[in-house]
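Examining the three-dimensional arrangement
Now for the letters of each chain:
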Amino acid sequence: MNENENSFESLRCLLASKNRELPPPGYFNDFSAQVVNRIRAGEASEPRNAAEQLFAEAPWLLKFLQIFEAKPAFAGAFAFALCLVLIFGMIYAERPDTSAPQPLLEQVADNSSQLAALPATALSQPSDSIMLASDNTNPVNSVQPVASLFGQQNPFVQQVGFTVPGN
Amino acid sequence: MIMAEPVEPTESESPAAEEESELVRRARSGDLQAYDDLVKRYQERIYATIYHMTSNHEDANDLAQESFIKAYQALKSFKGGSTFYTWLYRIAVNKTINFLKQRKNRTHMSLNDIDFNAEHDPDLMALISENTPRRAASLTELQEKLNAALLKLSEPHRLVMVLHDVQGQTHDQIAEIMDCNIGTVRSRLFYARQQMQAELADYLK
């Protein structure tokens, strides 16, 4: 061991010279005051604890960020993909959507034709299945027929009695 | 002034140790003035260790401050099983190693100036003038080579070398700080010295 120590003597002398590397003059004069002030203000503790808590609750987020840090190409690819999604989203949002309401109107028309084909006895006893649109997505059943939303004729058929004056 | 003189372990019976225990007790109960005194006691050693590990003054400044802040926040968990100094050192060392692992190979040296009196250090000047092939090599160049060589070591090897050969701590103290046995400290020190000697062959006998 002593031989080893001797062979490394020059190295130790060189390493000891690192103690000559000094921070700027007066650096330590207010070091402790800065530490105490930061403790008082809680500058360092609160945000860091919040970040640590977030990463503890969602470790995948930390791994995700570490991947970004380790592989900048991955971060670039991810950003590029996000931009593509954004651009496609904007393009499709601006395109007039004409196809969606059409089936609903067609279905209302179908319902009207079905109602017309029904016998009068069936029409005299209106049932919910006829009155309500079959594809209503509203969880609360409404007696308001969907067709009325579009200003179409009301399929609600009601038997009325009237007398002709003079009879 | 030479930074981070070799550390004398504080004996548990010494008045200094008793005074330190009292400061720790007061700081634990929220006395920031007492903690300010503790920071003043160890600020140079803690800063120096971190600086020699990172070779960057700004990083060392941030990490040293954060280490003291974390130590204050964790003071209630300090049971006194080791000295406050060792406990504080562990916090600083762990924080530094975590920082270096995150930073990985993106090292940026921001070295402190060399003490003006170094030019009058006969041992150091002899090392430069006699052993350096380029006799005009300046202290600054030597400093940069030395720090660059240190940064090539792994964090555990660099830490052992800094604590032992730069700061003059004993194997026992290093083993306690690094929470490993003395044999590990010795083997890491030997390997680190071999690596450094190979890196700095131009400057050494």
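Everything that follows concerns the structure shown earlier in this document.
So, here is what we can say about the structure in this document. All values reported here derive from a predicted model rather than from experimental measurement.

Attention shifts here to the overall build of chain B. Looking only at helices and strands, chain B has nine helices and one strand in total. The linear arrangement of helices and strands in chain B, starting from the amino end, is α-α-α-α-β-α-α-α-α-α. A total of 205 residues make up chain B; the buried ones form 36% of that total. For chain B, contacts bridging at least 24 residues in sequence account for 67% of all contacts bridging at least 6.

Along the backbone of chain A there are nine helices and one strand. Listing the helices and strands of chain A from first to last along the sequence gives α-α-β-α-α-α-α-α-α-α. Buried residues in chain A amount to 11% of all 167 residues. Across chain A, the fraction of contacts at a sequence separation of at least 24, relative to all contacts at a separation of at least 6, is 44%.

Let us look at the nonpolar core. Residues and elements named next belong to chain B. Counting 51 residues, the largest nonpolar core has Ile50, Ala64, Leu88, Val160 and Met161 as the members making the most contacts within it. With 10 residues, the top contributor of residues to this core is helix 2 (residues 32–54). Those residues in contact with Leu88 that lie beyond four places of it in its chain are Tyr42, Ile46 and Ala71.

Our next topic: helix 7 (residues 155–166) of chain B. Most of helix 7 of chain B is tucked away: 10 of the 12 residues are buried. Buried residues in helix 7 of chain B make contact with helix 2 (9–16) of chain A together with helix 2, helix 4 (84–103), helix 6 (139–152), helix 8 (171–178) and helix 9 (182–199) of chain B. Looking one or two residues past helix 7 of chain B, Gly168 of chain B carries a phi angle of roughly 75°, positive in sign.

It is worth spelling out unusual backbone geometry at this point. Residues and elements named next belong to chain B. The residue Ser55 is not glycine, and still its phi comes out positive at about 55°. When you line up the elements, Ser55 lands in the loop between helix 2 and helix 3 (57–73). You will see that Asp179, though not glycine, has its phi angle at about 55°, which is positive. By secondary structure assignment, the location of Asp179 is in the loop between helix 8 and helix 9. By C-beta crowding, Asp179 is classed as exposed, having 10 other C-beta atoms within 10 Å.

Before going further, it helps to spend a moment on the packing of helix 1 (residues 15–28) of chain B against helix 2 of chain B. All names here are of chain B. Relative orientation of the contacting elements helix 1 and helix 2 amounts to 135°, with a least axis distance of 7 Å. Of the possible angle classes, the one that applies to helix 1 and helix 2 is oblique. The two elements helix 1 and helix 2 meet at a crossing, and its hand is left-handed. Along the contact surface, helix 1 presents Leu23, Val24, Arg26 and Ala27, while helix 2 presents Ala34, Tyr35, Asp37 and Leu38. Considering only residue class, the contact of helix 1 with helix 2 consists of six nonpolar, no polar and two charged.

This next bit is on helix 9 of chain B. With 18 residues, helix 9 of chain B extends 26 Å between its outermost C-alpha atoms, agreeing within 8% with the 26 Å of an ideal straight helix rising 1.5 Å per residue. For helix 9 of chain B, the complete set of buried residues consists of Val185, Arg188, Leu189, Ala192, Arg193 and Met196 of chain B. For helix 9 of chain B, the arc enclosing every buried residue in end-on projection is 135°, short of the 170-degree limit, so these residues lie on one face. Projecting away from the buried face of helix 9 of chain B at angles above 90 degrees are the exposed residues Gly183 and Ala198 of chain B. Residues of helix 9 of chain B that are buried make contact with helix 2 of chain A together with helix 6, helix 7 and helix 8 of chain B.

Residue and element names in this part refer to chain B. Here Glu155 is to be found in helix 7. Its 15 C-beta neighbours within 10 Å are what place Glu155 among the partly exposed residues. When the C-alpha positions of Glu155 and Lys101 are compared, they lie 8.4 Å apart, and in sequence the two are 54 residues distant. Setting aside anything within four residues of it in sequence, one finds Glu155 in contact with Ile97 and Leu100.

Criteria and thresholds
Residues numbered from 1 in each chain as written. Chains lettered and ligands numbered in written order. Predicted model: local features only at pLDDT ≥ 70, side-chain atom pairs only at ≥ 80, totals over all residues. Helix = DSSP H or I, 4+ residues; strand = E, 2+ residues; numbered from the N terminus. Buried ≥ 20, exposed ≤ 12 C-beta atoms within 10 Å, placed from the backbone. Contact = placed C-beta atoms within 7 Å. Core = buried A, V, L, I, M, F, W, Y, C linked by C-beta atoms within 7 Å. Axes fitted to C-alpha atoms, helices over the stretch in contact; angles between N-to-C directions. Parallel < 35°, antiparallel > 145°, perpendicular 65-115°, else oblique. Left-handed = near helix turned anticlockwise from the far one by under 90°. Nonpolar A, V, L, I, M, F, W, Y, C, P; charged D, E, K, R; others polar. Expected span 1.5 Å × (residues − 1). Arc of directions from axis to C-beta.

By themselves these figures say nothing about function.
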